[in-house]
Amino acid sequence: MSAILVKIFATALTLSQVLVDPDTVKTSFDPMQDREKVAEILKSGCTHMRRAFDIEDINLDDLIATAMDDPQAVTGDLKMLQGLSFNDLHASYRQFCKNEKVEPPPVDLGEVITYYNNAVADLPDAGKLKGLKLPGVSVILDGNGRRFAEVYEPDHRRIWVPLSDIPESVQQAVVSAEDKRFYQHKGVDERGVIRAFMNNLADPARPAGGSTITQQVAKNLLVGDDVTYERKMREMIVASRIEQTLSKAEILEIYLNSIYLGRTSWGIEMAAQSYFGKSAKDLSVSEGALLAGLAKGPNYYNPDTQPDRAHERMAYVLSRMQEDGFLKASQVQQAIASLPPRVAYQRPRRDSGFYFTDHVNRDARTLAGIESLTSGSYTVRSTINPDLQQATEAALQEGLARYELSIGRQRFQAAEANLAEAIRSLDGRKEDGATPAWRRALEAARLPLYDVQWPAAVVIEKGRDKKTGANVIRVGLSDGRILPLNAWEAARRDLKLYDVVRVRIIDQKGKGVVRADLRVPPTVQGGAVVLENRTGRILAMAGGFSYPLSQLNRVTQAHRQPGSAFKPLTYLAALSKGLQPNTLVWDAPVTLPPVNPGANVRARDYWRPKNYDGGAGGIVTLRRALENSKNLVTARLLDGGIETSPAESLQDVCELALEAQLYVECTPHYPFVLGAQPVRILDLAAFYAAIANEGAMPVPHAFESIEERGHPIYSRKAQGLVRLGSADAAAFYQLKTMLQGVLERGTARNLKALAPYAAGKTGTSDNENDAWFAGFTNDVTVIVWVGHDNADGKRRTLGRGQTGAKVAAPIFKDIVEAAWQHHVPKSPLSPPSPQAAKQLIAMPIDLNTGDRVTDGRREAFNEYFRLNWYGRFSDTQYRLVPQEEVYALRNPDPWSDGDESGGYGFYDEAPYSQGQSWLDSLRQNAPPQRRTEPGFRWWWEDDEPRPRPRRVDPDYPWGYRRVY
């Protein structure tokens, strides 16, 4: 027995059961004992089908006679019938439909049963469709209520609508076009099968399957769309079970919401919006007929590219609706006149904000209890600023690439794509002949790194310049420009013709020359976030270099050591305890005892931190220490600057960090104050926003509300800012002005031009593994982190001297300038609020010494000092370092007040420059002073940083030389 005959009779066995008695369909027979039973089922099925042929006015006997006389006339090009023995088929017809005894039997029912049992084993449960709601598309609106993004699963860009919201004319159009006996059959329509078979004989080029709407639901959602006999058999049985489980209305609702109708639209609602810019409930008769016609073949009947076919198909659907008695002839004539007008097709593509939308999806699960935004069709009113988001991603990507280029770590591994084949195919086409094939291919290309903000370019020329002999590579851009490519030698060697690469366009001002600099994906990673200070709205979020390369959102899902970016907490704790910014502190070696000393304390249990450069600066003000990120001063503040004991001071800083929600728990250990405990970028942003707000901390959030078809699902409750009670507004404002000095004179002096408008702090962790810049303006806080993911468990350094000031600060600059352009124009940092102003008084001081200035010198610095409870100035300049000690160490001559020598400064290894004297009793461990030479300038007087062997940003990597 031929294999095709086995499959045909197994299919006949399936069809016979679902047509004759669909309630008792068996999916397993015994190959030996059930042969007679199967024969009876086949005979009953044949009797049922003969009646259907008669109803369709087709003489089955004549058709078989024709087939026996000329088999080729019947089979034609139908692959499903090629190789079939019509003698065996005719003998089978006589046996099962004519009840004749045929010897030998043409069909081995044992083989048929075995094949049938295997084909229909483990059928899916039709009950899964009860109450089914398929995945849908959710729309994310930006902060201004404009459409920003769509979130949906592949092949599920749909908006589910109940059947009651779909006009009856649209329902009827689909039924008339796809399954005219939908309301009569029980899942499988024998007459539809017959019509499809006859149509296939007449036109084998476009075969039809005769599937009902119920069968299509079974195929699309349960059994798959394999083009096999097995799938068809499973589909028929499952369809009959669906009819027993669901009502006709439920089946039609699922179908209308699941079918693909072109324009990347699944379901009638999404298609209505995509083609006509309206909801399905507002579709006209002709619009509904057009969409119903697309179900048969969205590409073949595409009204955008095949309007004649689409119009013909629409006319067919309207005529069928008239035949079914739904439309009158006059209505058909009116609707058939022309294709209904459509809106322009806009592909649902975007090139930014993927980390943000992922974060929205996760937060929706946490805050609104929504399993996934793709589980339904939601409208999310988010906080994102699209222009700022794009600029943030561009700044981070360029900053990461610029870092690798600067230290020679860039590597060209491969082009993003090669368009040689596409260009060859386009070269032969005549349409749009004026546009080069390379440009058309580039415009049509869908590149893997779809969120990279550098423009794509295709290599269109590679060779030697005839005049100079130099290797020349020219690239073409999508706007038609052709530019020379600037790239390193290894990349130039590996690039091939028609490779697609990313470039940065460089306009060399004054020269009138434009070039394209090659850019490649870096191995280093980064993260950046922009937070609105007053509201906590997340305006932009870049969780990595590129979302397609890595979906880890480093803003919210990674914890990294903040380094010196954490130091403001310690200074805030000191200011809140009454210290003033001009309080003098030793920048000198310090040893702190163990936090929890036991009986067996060892020498290595004591903490001996060091500055980034390994040196010491003598006595400095609190302001200058923070501006220049002095580790030794930060450590010394624990010893009497906050509380009397280092352990108690450390506990205060821990409690402040917990109150600022930087950590869930804090383990007191000394390196903690230098940023040893990892933190999330987003949490650090909230704290810095609190500094900008004088202690009022916002709650970062990415969306305001979620709706489903106009019904509120979640609405964010109006929340006031959370005041950090461990420090008052005055302390926060003092800290704010000190962080402004970081840009003006300190470790971020490369951002000096921003100083009137911004404040912030650099940060570099142990061994330059992490580089940070955390800063704010009046309106926004921007946090930037750069580092390696260390996914393999090994920490990878950014390289010697690659600090926050060098790596992260330039990225901050680009982002904050974009914030001024796209969010709120820049303005000078605000003066103290009325609340803070009541506790502060501004007085001129000498920035270097901290002394108050009373002679009206122009170079005096206006410092804000805290007033005590009685409104009086509280002088703490010499609280930590006695006044006589300070003056003694200024190396005065007998007739001087100590200013002529230039103030305190650097120190030698020698005991004291003046020899031993009464100073011995003051501070035995005070470092010795260095004599000044002619022309000597103190470090705080330099506009540029003094050259040092390895220093650019004096942040502290606490593990360098293993200092603790």
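Residues numbered from 1 in each chain as written. Predicted model: local features only at pLDDT ≥ 70, side-chain atom pairs only at ≥ 80, totals over all residues. Heavy atoms only, no water.

(A) Spotlight on the overall build of the protein chain. Broken down by element type, the protein chain carries 29 helices and 22 strands. When burial is assessed residue by residue, the protein chain has 54% of its 964 residues classed as buried. When the accessible surface of the protein chain is summed, it comes to about 43,100 Å², and 48% of that surface belongs to carbon and sulfur atoms. (Helix = DSSP H or I, 4+ residues; strand = E, 2+ residues; numbered from the N terminus. Buried < 20%, exposed > 50% of the residue type's maximum accessible area, 1.4 Å probe, protein only. Areas by Shrake-Rupley, 256 points an atom, 1.4 Å probe, with all protein chains shown as cover.)

(B) Summary view of the side chain of Arg492. By the element assignment, Arg492 lies in helix α20 (residues 489–494). Lacking a salt bridge, the buried Arg492 has Glu489 as its closest oppositely charged neighbour, with an N-O distance of 4.5 Å. Within polar-contact distance, the side chain of Arg492 engages the backbone oxygen of Asn471 at 2.5 Å. In contact with Arg492, other than residues within four places in its own chain, are Lys462, Asn471, Val472, Ile473, Leu485 and Ala487. (Lys, Arg positive; Asp, Glu negative; His and termini not counted. Salt bridge = Lys/Arg side-chain N within 4 Å of Asp/Glu carboxyl O. Polar contact = N/O pair within 3.5 Å; in protein donor to acceptor, adjacent residues only side chain to side chain. Contact = heavy atoms within 4.5 Å.)

(C) Expanded view of the packing of helix α12 (residues 268–276) against helix α13 (residues 285–294). At a closest axis distance of 11 Å, the pairing of α12 and α13 adopts a crossing angle of 115°. The hand of the α12/α13 crossing is right-handed. Touching Ile268, Ala271, Ala272, Tyr275 and Phe276 of α12 are Glu287, Leu290, Leu291 and Leu294, all from α13. Considering only residue class, the contact of α12 with α13 consists of 8 nonpolar, no polar and 1 charged. (Axes fitted to C-alpha atoms, helices over the stretch in contact; angles between N-to-C directions. Left-handed = near helix turned anticlockwise from the far one by under 90°. Nonpolar A, V, L, I, M, F, W, Y, C, P; charged D, E, K, R; others polar.)

(D) Examining the pattern of salt bridges more closely. Per the counting criterion, the structure on display carries 43 salt bridges. Lys130 is the partner of Glu250 in a salt bridge, and the nearest nitrogen-oxygen pair spans 3.2 Å. Linking Glu250 in helix α11 (residues 248–258) with Lys130 in the loop between α6 (109–119) and β1 (138–141), this pair joins segments that are 120 residues apart in sequence. Here Asp652 and Lys577 are joined by a salt bridge, their closest N and O atoms 3.7 Å apart. You can see Asp652 sitting in helix α24 (residues 646–659) and its partner Lys577 sitting in the loop between α21 (567–576) and β12 (584–587), a full 75 residues away along the chain. A single salt-bridge network, built from bridges that share partners, covers Arg623, Arg624, Glu627, Arg745 and Glu863.

(E) View of the sheet that holds strand β15 (residues 703–708). Read from one edge to the other, the open sheet built from 5 strands follows the order β2-β1-β3-β15-β16, with strand pairing classed as mixed. In this open sheet, the two edge strands, each paired with only one partner strand, are β2 (147–151) and β16 (711–715). Along the sheet, successive strands turn relative to each other by an average axial angle of 20°, direction set aside. Relative to β2, β1 runs antiparallel, the two being bridged by 4 bridges. In the sheet register, Val139 faces β2, and the bridge partner there is Glu150. Contacts between helix α16 (residues 354–368) and the sheet are confined to β1, β2, β3 (378–382), β15 and β16, with β15 contributing the most and set at about 75° to the helix. (Pairing = 2+ DSSP bridges.)

(F) Region of the structure containing the nonpolar core. Grouped together as the largest cluster of nonpolar side chains are 126 residues, with contacts concentrated most on Phe672 and Tyr688. Sort the elements by how many residues they give to this core and helix α25 (residues 681–692) lands first, with 11 residues. Setting aside anything within four residues of it in sequence, one finds Tyr688 in contact with Ala565, Pro568, Leu739, Lys761, Ala774, Phe776, Thr781 and Ile783. Residues Val25, Phe96, Leu222 and Phe276 belong to the second largest nonpolar core, which totals 84 residues. (Core = buried A, V, L, I, M, F, W, Y, C linked by side-chain atoms within 4.5 Å.)

(G) Molecular detail of the layout of surface pockets. Space inside the second largest pocket adds up to approximately 1,600 Å³. Elements represented by at least two residues in the lining of the second largest pocket include exactly β2, α12, α16 and α19 (437–444). Element by element, the count of residues in the lining of the second largest pocket is highest for β2, at 5 residues. Across the lining of the second largest pocket, the residue classes break down as 22 nonpolar, 9 polar and 13 charged. (1 Å grid on protein atoms, 1.4 Å probe; cavity = no way out; pocket = protein on both sides within 12 Å on 5 of 7 lines; lining within 4 Å. Points joined across faces, edges and corners; volume = space filled by probe spheres on them.)

(H) Quick look at the pairing of strand β7 (residues 482–486). Alignment of strand β6 (residues 471–477) against β7, held across 3 bridges, turns out to be antiparallel. Looking at the pairing, Val475 lines up with Leu483 of β7. Two successive antiparallel strands, β6 and β7, enclose a turn made up of 4 residues, where Gly480 displays a positive phi of approximately 100°. Relative to strand β9 (residues 513–519), β7 runs parallel, the two being bridged by 2 bridges. Paired with Leu485 across the strands is Ala516, a residue of β9.

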